[in-house]
Amino acid sequence: MAKGEITFVDIDLTLTVPVGTRVIEVSEKVGSAITYGCRECDCGNCMMEVVDGMGNLSEPSVLEERVLRENLASRKDRLACQAQVLGAVTVKPR
């Protein structure tokens, strides 16, 4: 199985994960400060900054692009609930 790597800047932790793992699946388990409003009907709350490795995340879906636009996201931002790890990536909470 192919592996990717994700680093959470806020808790100084790097993990190896299976390719295709969504950031939300890992960040909740390790205690990163990325928040998730989707559980409180506030889509876009899980916006994170991709510090390094943007090309190592899945392409944004149409839904993700819309939510990022609506939230005036920068080019460095992605939604943790949508972004899938494909290689080495470093993220931090917004």
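Residues numbered from 1 in each chain as written. Predicted model: local features only at pLDDT ≥ 70, side-chain atom pairs only at ≥ 80, totals over all residues. Heavy atoms only, no water.

Draft legend 1. How the structure looks around the environment of Asp52. As for its position among the elements, Asp52 is in strand 3 (residues 47-52). In this structure Asp52 comes out as exposed when scored by relative accessible area, which is 52%. Taking the C-alpha atoms as reference points, Asp52 and Ile34, 18 residues apart in sequence, are found 16 Å from one another. Those residues in contact with Asp52, other than ones at most four positions away along the chain, are Ala88, Val89 and Thr90. (Helix = DSSP H or I, 4+ residues; strand = E, 2+ residues; numbered from the N terminus. Buried < 20%, exposed > 50% of the residue type's maximum accessible area, 1.4 Å probe, protein only. Contact = heavy atoms within 4.5 Å.)

Draft legend 2. Layout of the sheet that holds strand 1 (residues 3-8). Strand order in the open sheet formed by 5 strands is 2-1-5-3-4, and the pairing between neighbours is mixed. Of all the strands in the sheet, the pair left with one neighbour each is strand 2 (13-18) and strand 4 (77-79). Pairwise comparison of adjacent strand axes, ignoring direction, gives a mean angle of 40° for this sheet. Each of strand 1, strand 2 and strand 3 is contacted by helix 1 (residues 23-30), which is oriented at about 50° to strand 1, the strand it contacts most. The sheet strands contacting helix 2 (residues 62-70) are strand 3 and strand 4, and the helix crosses strand 4 at an angle near 125°. (Pairing = 2+ DSSP bridges. Axes fitted to C-alpha atoms, helices over the stretch in contact; angles between N-to-C directions.)

Draft legend 3. Looking closely at the pattern of salt bridges. Per the counting criterion, the structure on display carries 5 salt bridges. Among the salt bridges present, the one from Arg66 reaches Glu70, with a minimum N-O distance of 3.1 Å. On the criterion of helical spacing, the pair formed by Arg66 and Glu70 is a turn pair, its members being 4 residues apart in helix 2. A relative accessible area of 38% means that Arg66 is categorised as partly exposed. Among the salt bridges present, the one from Arg94 reaches Asp77, with a minimum N-O distance of 2.7 Å. With Arg94 in the segment after strand 5 (88-93) and Asp77 in strand 4, the pair connects residues that are 17 residues apart, well separated along the chain. One salt-bridge network, in which partners are shared between bridges, spans Glu49, Asp77, Lys92 and Arg94. (Salt bridge = Lys/Arg side-chain N within 4 Å of Asp/Glu carboxyl O.)

Draft legend 4. The arrangement of helix 1 in detail. Every buried residue of helix 1 is listed here: Val23, Ile24, Val26 and Ser27. Down the axis of helix 1, the smallest arc covering the buried residues is 165°, so these residues share one side. Tucked inside the fold, the buried residues of helix 1 contact strand 1, strand 2 and strand 3. Positioned one or two residues after helix 1, Gly31 has a phi angle of 85°, which is positive. (Arc of directions from axis to C-beta.)

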